[in-house]
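# Examining the three-dimensional arrangement
As a plain string of letters, each chain reads:
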Amino acid sequence: MDVNIEASWKEELKGEFDKPYFGQIVCFLKEEKQAGKVIYPPGKLIFNAFDKTPFDKVKVVIIGQDPYHNAGQAHGLSFSVPDGVAPPPSLVNIFKELQSDLNITIHHTGNLEPWTRQGVLLLNASLTVVANTPNSHAQAGWHTFTDEVIRHVSADKEHVVFMLWGKFAQNKAELIDSSRHLVLKAAHPSPFSAHSGFFGSGHFSKANQWLQQQGEKPIDWSL
C-alpha cells in the first residue's frame with residue numbers, strides 16, 4: 001500500500017503498510033467517513049508527527065493517547081494545538097512543569113512544532129478520533145501500528161528519551177529497550193492526575209541532561 005508519509009519513516013516502516021491490519025485501518029476510516037462522521041485531524045495531518053520529525057532525527061518521544069476531539073484542536077501532534085487555539089488543560093500543566101523545571105515561561109502558543117523540528121516525536125497511540133468522542137478509534141488498529149513505531153525506534157535508534165505520562169503511556173515501556181534508551185515515567189498532565197507525580201517530575205531537564213551525556217544537543221523547550 002502506498003502511504004503518504006515522510007520518506008525516512010516510509011522506508012523504516014515499509015513492512016507495516018502491506019500487513020492486513022493496516023488495510024483494515026484504511027477501510028475502517030473510509031467506513032466512518034461514509035457514515036457521515038467527522039474525523040480529526042484532517043486527513044492530510046494524520047501522519048503529521050512523522051512528517052515533522054523524520055526517523056533519523058528522533059531524539060525524544062512523547063506518547064499521547066489520542067488526538068484532541070474538539071473542532072480545530074487536533075493537528076497530528078500529541079498534546080499540541082495549532083496557533084491561535086487555546087492550550088487545553090493538560091498542555092497548560094505541561095507548561096507549568098516547564099516553568100518549574102527549566103524556568104521557561106510560555107504565553108503565546110500551544111503549538112509544539114518547534115519541538116518537533118529538534119527531534120521530538122509527538123506520537124499519539126491512535127492517530128484519529130471522531131469529533132467530540134474521545135478514544136473512539138482506540139479499536140481501529142492504530143495501536144498495532146504505533147506500537148510498531150515505538151519498537152522500531154527502540155530497535156533501530158540509540159539514546160532516545162521516551163516520556164511516558166500516565167498509565168496508558170507507561171504500558172508502552174515493555175516495547176522499549178531501557179538498556180539503550182532513557183525511559184521517564186510520571187503521572188499524566190491532566191488536571192485529574194498532574195498533582196500525583198507529573199508536577200515536579202523534572203522530565204524536561206532530565207531529558208536534556210541525558211542527551212548531553214550521549215553527546216547530543218539538548219532540546220530548546222521554549223516556543
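Presented here is an overview of the structure given in this document. (Residues numbered from 1 in each chain as written. Predicted model: local features only at pLDDT ≥ 70, side-chain atom pairs only at ≥ 80, totals over all residues. Heavy atoms only, no water.)

On to helix α6 (residues 142-156), then. Over its 15 residues, α6 extends 21 Å from the first C-alpha to the last, a length consistent with the 21 Å expected when each residue adds 1.5 Å. The buried count for α6 comes to 11 of 15 residues, which makes it a mostly enclosed element. All of the buried residues in α6 are Trp142, His143, Phe145, Thr146, Asp147, Glu148, Val149, Ile150, His152, Val153 and Ser154. (Helix = DSSP H or I, 4+ residues; strand = E, 2+ residues; numbered from the N terminus. Expected span 1.5 Å × (residues − 1). Buried < 20%, exposed > 50% of the residue type's maximum accessible area, 1.4 Å probe, protein only.)

Another aspect to go through is the packing of helix α2 (residues 20-34) against α6. Where α2 meets α6, the axes come as close as 9 Å, and the angle between the chain directions of the two elements is 135 degrees. Put simply, α2 runs oblique to α6. Here α2 runs over α6; the crossing is left-handed. Contact with α2, carried on its side by Tyr21, Phe22, Ile25 and Leu29, involves Trp142, Thr144, Phe145 and Glu148 of α6 and no other residues of that element. Classifying every residue of the contact of α2 with α6 by side-chain character gives 6 nonpolar, 1 polar and 1 charged. (Axes fitted to C-alpha atoms, helices over the stretch in contact; angles between N-to-C directions. Parallel < 35°, antiparallel > 145°, perpendicular 65-115°, else oblique. Left-handed = near helix turned anticlockwise from the far one by under 90°. Contact = heavy atoms within 4.5 Å. Nonpolar A, V, L, I, M, F, W, Y, C, P; charged D, E, K, R; others polar.)

The subject of this paragraph is the packing of aromatic side chains. Under the definition given, this model contains 19 aromatic pairs. Ring geometry for Trp115 against Trp221: centres 4.8 Å apart, planes inclined by 90 degrees, an arrangement best described as edge-to-face. In this pair, Trp115 is assigned in helix α5 (residues 113-116) and Trp221 in the segment after α8 (203-213), connecting sequence segments 106 residues apart. Assigned by exposure class, Trp115 and Trp221 land together as buried. Here a set of aromatic residues connected by ring pairs shows up, and it is made of Trp9, Phe17, Tyr21, Phe22, Phe47, Phe50, Phe55, Trp142 and Phe145. (Phe/Tyr/Trp six-rings, centres within 6.5 Å; stacked < 30°, edge-to-face > 60°.)

Under the definition given, this model contains 8 salt bridges. Ionic pairing is found between Arg151 and Glu148, a salt bridge with its closest N-O pair at 2.8 Å. Residue Arg151 and its partner Glu148 are both found in helix α6; the two are separated by 3 residues, about one turn of the helix. Judged by relative accessible area, Arg151 falls into the partly exposed class, the value being 36%. (Salt bridge = Lys/Arg side-chain N within 4 Å of Asp/Glu carboxyl O.)

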